[in-house]
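The primary structure of each chain is shown beneath.
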Amino acid sequence: MEFIFSTIKHWSENHLKSNPFFSKLEYLLVSQPIILNFSWKQGHNFGSSPFFVVSVVVSYLSLTFLLSRISLPFAGPHLLRPIKVLYNLLLISLSSVMALGCCLSILFHAPRLQYIICLPSNTSPDGPIFFWAYVFYLSKIYEFFDTVLIIWSNSMRRLTFLHLFHHAIAVIMCYISLNTSQSIFPALIITNASVHVIMYYYYMLCALGARPSWKRRVTECQIMQFVSGLVIIVVMLYYHFGGEGCSGIWGCCFDAAFIMILLVLFLNFYFKNYSSIKTKDKDT
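In what follows, the accompanying structure is described. (Residues numbered from 1 in each chain as written. Predicted model: local features only at pLDDT ≥ 70, side-chain atom pairs only at ≥ 80, totals over all residues. Heavy atoms only, no water.)

Looking at the environment of H109
No. 1: Residue position: H109 is located in helix α5 (residues 77-109).
No. 2: Note on H109: relative accessible area 37%, which makes it partly exposed.
No. 3: Once the C-alpha coordinates of H109 and P128 are considered, the two residues, 19 residues apart in sequence, prove to be 8.1 Å apart. (Helix = DSSP H or I, 4+ residues; strand = E, 2+ residues; numbered from the N terminus. Buried < 20%, exposed > 50% of the residue type's maximum accessible area, 1.4 Å probe, protein only.)

This is the structure:
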């Protein structure tokens, strides 16, 4: 695997950069000064203080509770449809850019395959990889608008504990990951952003009036994301205890707990909603 990674890295550096399109893409997503010289410092970057994180999460949960209890003038489809389409389109674009930016950052800045899931101990949160981790963190706050759309469209059955827990804790997880220079964060960004491209594409089609038949596949992709996340953590632990250690081990422990809880909740949701469908399919 190390040989394959080195070969791909060598080929990309000697061929992709010589291609005008990929050279421009690499500059835009990796090498431009804002990205290349990025540095995460607590209290320095926007949203980098513990007070900010606590305030955002508490405000999100409080406003959700308040808005769900008062009578709002629910928006009709003529107003909600373009808003939902635009919102989902923005998230599809943002998720695609984050996944691609993180992949290119790893390709051009990770000297070894092991660095993808095990950064050296005491790694400083600087450079392109952590820039995209920062963008990923801020995107989780932007995703709070999911809840606003649910309330505004009077789809209260979708306002579940799983939905609120997922959104609220994801912000805390991303903050801890940045603050601890967590090793597996780049791999988690790529998998999560890739799944979100599929998920928000599905939601955009629904907003446009189509009802794709593959909703269950979206949930299955999310479950596979959590399974792969746990596998990545196991491999990281192998490197951590079998070598000189990996950066952000305590952040990884928080991630592991969060991912396991989400996996249980999503499996529960999956079997509750789709086991009856499988039974009907067998009967017919």
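What to know about the packing of helix α6 (residues 128-142) against helix α9 (residues 185-207)
No. 1: Between α6 and α9, the shortest axis-to-axis distance is 10 Å and the interhelical angle comes to 45°. The pairing of α6 with α9 is recorded here as oblique in orientation. Relative to α9, the crossing made by α6 is left-handed. Residues I129, W132, A133, F136 and K140 of α6 pack against F185, P186, I189, N192 and H196 of α9.
No. 2: Taken together, the residues that form the contact of α6 with α9 break down as seven nonpolar, two polar and one charged. (Axes fitted to C-alpha atoms, helices over the stretch in contact; angles between N-to-C directions. Parallel < 35°, antiparallel > 145°, perpendicular 65-115°, else oblique. Left-handed = near helix turned anticlockwise from the far one by under 90°. Contact = heavy atoms within 4.5 Å. Nonpolar A, V, L, I, M, F, W, Y, C, P; charged D, E, K, R; others polar.)

Re the state of the cysteines
No. 1: The final tally for this structure, using the stated rule, is one disulfide.
No. 2: Disulfide pairing is shown between C118 and C246; the S-S distance is 1.8 Å. What sets the handedness of the C118 and C246 disulfide is the S-S torsion sign, and at about -95° it is left-handed. Residue C118 is found in the loop between α5 and α6, and its partner C246 is found in the loop between α10 (215-242) and α11 (249-283); the two are separated by 128 residues along the sequence.
No. 3: With no disulfide of its own, C252 lies closest to C253 among cysteine sulfurs, the gap being 7.0 Å.
No. 4: We classify C252 as buried; its relative accessible area is 2%. (Disulfide = S-S within 2.5 Å.)

Side note on the pattern of salt bridges
No. 1: The tally for this structure, following the rule as stated, stands at three salt bridges.
No. 2: One salt bridge in this structure joins K140 and E143, with 3.5 Å as the shortest N-O distance. With respect to burial, K140 and E143 carry one shared label: buried.
No. 3: A salt bridge links E220 to R216, with the shortest nitrogen-to-oxygen separation between them at 3.7 Å. Here E220 and its partner R216 are both found in helix α10, four residues apart, which amounts to about one turn of the helix. (Salt bridge = Lys/Arg side-chain N within 4 Å of Asp/Glu carboxyl O.)

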